[in-house]
Amino acid sequence: MSQYNPQAVMTQEMLDQFRMSFESDPVNRLVQNAVTRVSVHTVALNHEAATGVDHTFSVMLPSNEATAQEKSGRCWLFSGLNTFRTEAMKRLDVDKFELSQNYLMFWDKLEKASYFLESILATLSEPVDGRLLMYLLGSPLQDGGQWDMFCALVTKYGVVPKTVMPETESSSNTRDMNDVITAKLREYAAELRRMAASGDEEDVLRSRKEMMMNVIFRMLATHLGTPPVEFFWQWRDKGGTFHRDGTITPQDFFARYVGVDLENKVCLINCPTPDKPMNHLYTIGYLGNVIEARGIRYLNTPIEVFKQAAIDMLVAGRPVWFGCDVGKFEERDLGILDPSIYEYDLVYGEGLMSDKAERIMYGQSAMTHAMVLTGVDLDGDGHARKWRVENSWGDKFGEKGFFVMTDAWFDEYVYEVAVSRDYLPEDLAAVLREEPTILPPWDPMGALAVAR
């Protein structure tokens, strides 16, 4: 505030009134007694909503064992790879299979480091205390990501079975690794800006950047292991038959045993804020990992189109990667996502009333987590009642790691789905050929799936 305003002061008279209002209602004392001893979510839990959920669905894809991202923000990588598992298991003819999340994590962090240093080189004229530099320096090596970033990694580096590049302590618990490499990247950012200020030309700066990236590679390899250029692949199928493919590259493994057409996938968003007209294409400035990749592309669509594309994918037997705000109205132990699961109005006398657009605009909600839709329960008219969600938090939550999401929660807190272009109306498919509107890097739609 620029100056003192007497009307802004909370007077003693006001405070006395607040206290009297609270203490005059015995319900407030009852709730206080409860909430001071147990979680507010335990007190506010809607018994009817918590007990009225079942795990049966009219459309349900084959289940895999739940994966566990542990103490990392790799949900977007886990979810992306989990959409591949059904096809890989089919081609390998096995009952269980998991792709290496650590392998893609290594390349993601190396590419992010390069992308960050390129962003520093592209903003040398920006003031160091300006909003853009402060944003870039804020989290140069975070775990999070987006669907298009996942596609960029797979396209460039392929995939490998988890047995080829298994988890390490740092892949499952990323904080220490991230902290030390982030410190190094900020040092490098300061050095590149000092070099430019002293008159060094671009070729000198780029030569120094290459040496910096060599150090970052060494640091990542120390924590995560060295990613294979090729590996020897053999396996037994579920009938016991032995197969040997021999030496194979990660790119060939993806083409041969996964084969998903990533070029045919598009990321739809539902962002009903007035600054983002529907049926329009967007991208985010300074957001990405693989520099030479196409970059982030979002097609903003009404919730009805957005939802129908996801339903059509599931009916066709294809899992759907999606991004959401998982921390809102989530009962984790029971595995329920439902906007009626907590009755805050009974606890506080007033509930939460903002709509989806207002929550986005005022920083109350954003895409924080990525999971996979593996089923939907349709009514007689083909409308969704609830959705089956494959999470990556292990098998201790929900039904062995699978959650139930009500359709009302989908409307309010799901922001992105990755679907095939085949399930878009023709007029929307044409929009994908347009040049996207560039949003600033701090736009809410630039949020990364990073929930642990």
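For the structure itself, look to the data block above.
Residues numbered from 1 in each chain as written. Predicted model: local features only at pLDDT ≥ 70, side-chain atom pairs only at ≥ 80, totals over all residues. Heavy atoms only, no water.

Participant: Help me out: how do you make sense of the overall build of the protein in this one?
Facilitator: Helix and strand content of the protein: 17 helices and 14 strands. Computed over the C-alpha atoms, the radius of gyration of the protein is 24 Å, within 12% of the 22 Å expected from 2.2 N^0.38 for a compact globule of 452 residues. For the protein, the C-alpha atoms occupy an extent of roughly 75 × 65 × 45 Å along the three principal directions. Carbon and sulfur atoms make up 51% of the accessible area of the protein, which totals about 21,600 Å². Here the protein contributes 45 positively and 66 negatively charged side chains, and the mean placements of these two sets differ by 6 Å. (Helix = DSSP H or I, 4+ residues; strand = E, 2+ residues; numbered from the N terminus. Rg over C-alpha atoms; globule rule 2.2 N^0.38 Å. Areas by Shrake-Rupley, 256 points an atom, 1.4 Å probe, with all protein chains shown as cover. Lys, Arg positive; Asp, Glu negative; His and termini not counted. Charge placed at Lys NZ, Arg CZ, Asp CG, Glu CD.)

Participant: Explain the packing of aromatic side chains here, please?
Facilitator: Two measures describe an aromatic ring pair: the distance that separates the ring centres and the angle between the ring planes. Applying the stated criterion across every chain, the model contains 25 aromatic pairs. The interplanar angle of 55 degrees and the centroid separation of 5.5 Å between the aromatic rings of F84 and F254 together place this pair among those described as tilted. Of this pair, F84 sits in helix α5 (residues 75–92) while F254 sits in helix α12 (residues 250–257); the two residues are 170 residues apart in sequence, bridging distant segments of the chain. Pair check on accessibility: F84 and F254 agree, each one buried. Pairing W147 with F150 gives two aromatic rings, centres 5.4 Å apart and planes at 40 degrees, and the pair type is tilted. One end of the pair is W147 and the other is F150, both in helix α8 (residues 147–157) and 3 residues apart, which spans about a single turn. A relative accessible area of 0% means that F150 is categorised as buried. One cation-aromatic arrangement involves R332 over F397; the distance from NZ or CZ to the ring centre is 5.9 Å. (Phe/Tyr/Trp six-rings, centres within 6.5 Å; stacked < 30°, edge-to-face > 60°. Buried < 20%, exposed > 50% of the residue type's maximum accessible area, 1.4 Å probe, protein only. Lys NZ or Arg CZ within 6 Å of the ring centre and 35° of its normal.)

Participant: When you look at the layout of surface pockets in this model, what are you seeing that I'm missing?
Facilitator: Remark: the empty space left among the atoms is shown by a probe the size of a water molecule rolled over them. The calculated volume of the largest pocket comes to roughly 460 Å³. Lining the largest pocket are 27 residues, with D148, A152, A293, R294 and G295 sitting closest to its centre. Secondary-structure elements contributing two or more residues to the lining of the largest pocket are α8 and β5 (280–284). A per-element tally of the lining of the largest pocket places α8 first, with 7 residues. Per-class residue counts for the lining of the largest pocket are 14 nonpolar, 6 polar and 7 charged. (1 Å grid on protein atoms, 1.4 Å probe; cavity = no way out; pocket = protein on both sides within 12 Å on 5 of 7 lines; lining within 4 Å. Points joined across faces, edges and corners; volume = space filled by probe spheres on them. Nonpolar A, V, L, I, M, F, W, Y, C, P; charged D, E, K, R; others polar.)

Participant: I keep staring at a nonpolar patch on the surface and nothing clicks. Help me out?
Facilitator: A cluster of nonpolar side chains, contributed by M10, M14, L15 and F18, occupies part of the molecular surface with about 390 Å² of accessible area. Looking at where L15 falls in the secondary structure, it is placed in helix α1 (residues 12–23). By relative accessible area, L15 is classed as partly exposed at 35%. (Patch = residues over 30% accessible without salt bridge, like charges linked within 9 Å, V, L, I, M, F, W, Y side chains within 5 Å. Salt bridge = Lys/Arg side-chain N within 4 Å of Asp/Glu carboxyl O.)

Participant: Any chance you could explain empty space enclosed by the protein here in plain terms?
Facilitator: Tallied over the full model, the rule gives 1 cavity of 30 Å³ or more. Estimated volume of the largest cavity: approximately 40 Å³. Lining the largest cavity, in full, are L61, P62, N64, N82, T86, P319, V372, T374 and E390. Of all the elements in the fold, those that place two or more residues in the lining of the largest cavity are α5 and β10 (369–378). Partitioned by chemical class, the residues of the lining of the largest cavity number 4 nonpolar, 4 polar and 1 charged.

Participant: It is not clear to me how the pairing of strand β3 (residues 242–248) should be interpreted in this structure. Could you clarify?
Facilitator: Looking down a regular strand, the side chains alternate between one sheet face and the other. The sheet contact formed by strand β2 (residues 231–236) and β3 spans 6 bridges and is antiparallel. By the bridge assignment for β3, W233 is matched with G246. The turn joining β2 and β3, which pair antiparallel and follow one another in sequence, is formed by 5 residues; a positive phi near 95 degrees is taken by G240. (Pairing = 2+ DSSP bridges.)

Participant: I would appreciate a short explanation of the state of the cysteines in the present structure.
Facilitator: Note: disulfide means a covalent bond formed between the sulfur atoms of two cysteine side chains. Under the definition given, this model contains 0 disulfides. Distance from the sulfur of C75, which forms no disulfide, to the nearest cysteine sulfur (C324) is 8.5 Å. A residue is classified by how much of its surface remains accessible, and C75, at 0% relative accessible area, is buried. C267 carries a free sulfur, and the closest cysteine sulfur to it, the one in C151, is 8.8 Å from it. On the basis of relative accessible area, C267 is assigned to the buried category, the value being 2%. (Disulfide = S-S within 2.5 Å.)

Participant: I'm lost on the pairing of β10 in this one. Help?
Facilitator: Of all 10 residues making up β10, 9 are buried, and the element is well covered by its neighbours. Relative to β10, strand β1 (residues 59–60) is paired through 2 bridges, and the arrangement is antiparallel. Paired with M60 across the bridge in β10 is G375. As judged from the 5 bridges shared by strand β7 (residues 320–324) and β10, these two strands associate in the antiparallel manner. Its bridge partner lying in β10, F322 is registered against M371. In this structure, β10 lies alongside strand β11 (residues 384–390), joined through 6 bridges in antiparallel fashion. For L373, the partnering residue across the bridge sits in β11 and is V389. Two successive antiparallel strands, β10 and β11, enclose a turn made up of 5 residues, where G382 displays a positive phi of approximately 85 degrees.

Participant: Which parts of the structure should I look at to understand unusual backbone geometry?
Facilitator: One non-glycine residue, D93, adopts positive backbone phi at about 60 degrees. Relative to the helices and strands, D93 is located in the loop between α5 and α6 (101–122). Here the phi dihedral of Y286 falls at roughly 60 degrees; this positive angle occurs in a residue that is not glycine.

Participant: Mind showing me how you'd approach the packing of α5 against α12 here?
Facilitator: When two helices pack together, their arrangement is given by the angle between the helix axes and the distance between those axes. Direction vectors running N to C along α5 and α12 enclose 80 degrees, while the axes themselves pass 9 Å from each other. With respect to each other, α5 and α12 are oriented roughly perpendicular. Facing F84, E87, A88, R91 and L92 of α5, the residues of α12 in contact are F254, A255, R256 and Y257. (Axes fitted to C-alpha atoms, helices over the stretch in contact; angles between N-to-C directions. Parallel < 35°, antiparallel > 145°, perpendicular 65-115°, else oblique. Contact = heavy atoms within 4.5 Å.)

Participant: Looking at this structure, how should I read the pattern of salt bridges?
Facilitator: Should their charged atoms come close, side chains of opposite charge can pair. The full count for this structure, using the stated rule, is 28 salt bridges. One salt bridge connects K238 with D93, and the closest N-O pair in it is separated by 3.7 Å. Separated by 145 residues along the polypeptide, K238 in the loop between β2 and β3 and D93 in the loop between α5 and α6 bring together distant segments of the chain. Look at D93 and you get partly exposed, because its relative accessible area is 32%. In this structure, R206 engages E118 in a salt bridge whose closest nitrogen and oxygen atoms are separated by 2.4 Å. Taken together, the residues span a long stretch of sequence, with R206 in helix α11 (residues 202–224) and E118 in helix α6 at a distance of 88 residues. Here R206 falls in the partly exposed class, since its relative accessible area comes to 34%. What emerges from the salt-bridge pattern is a single network uniting D54, D377, R385 and K386.

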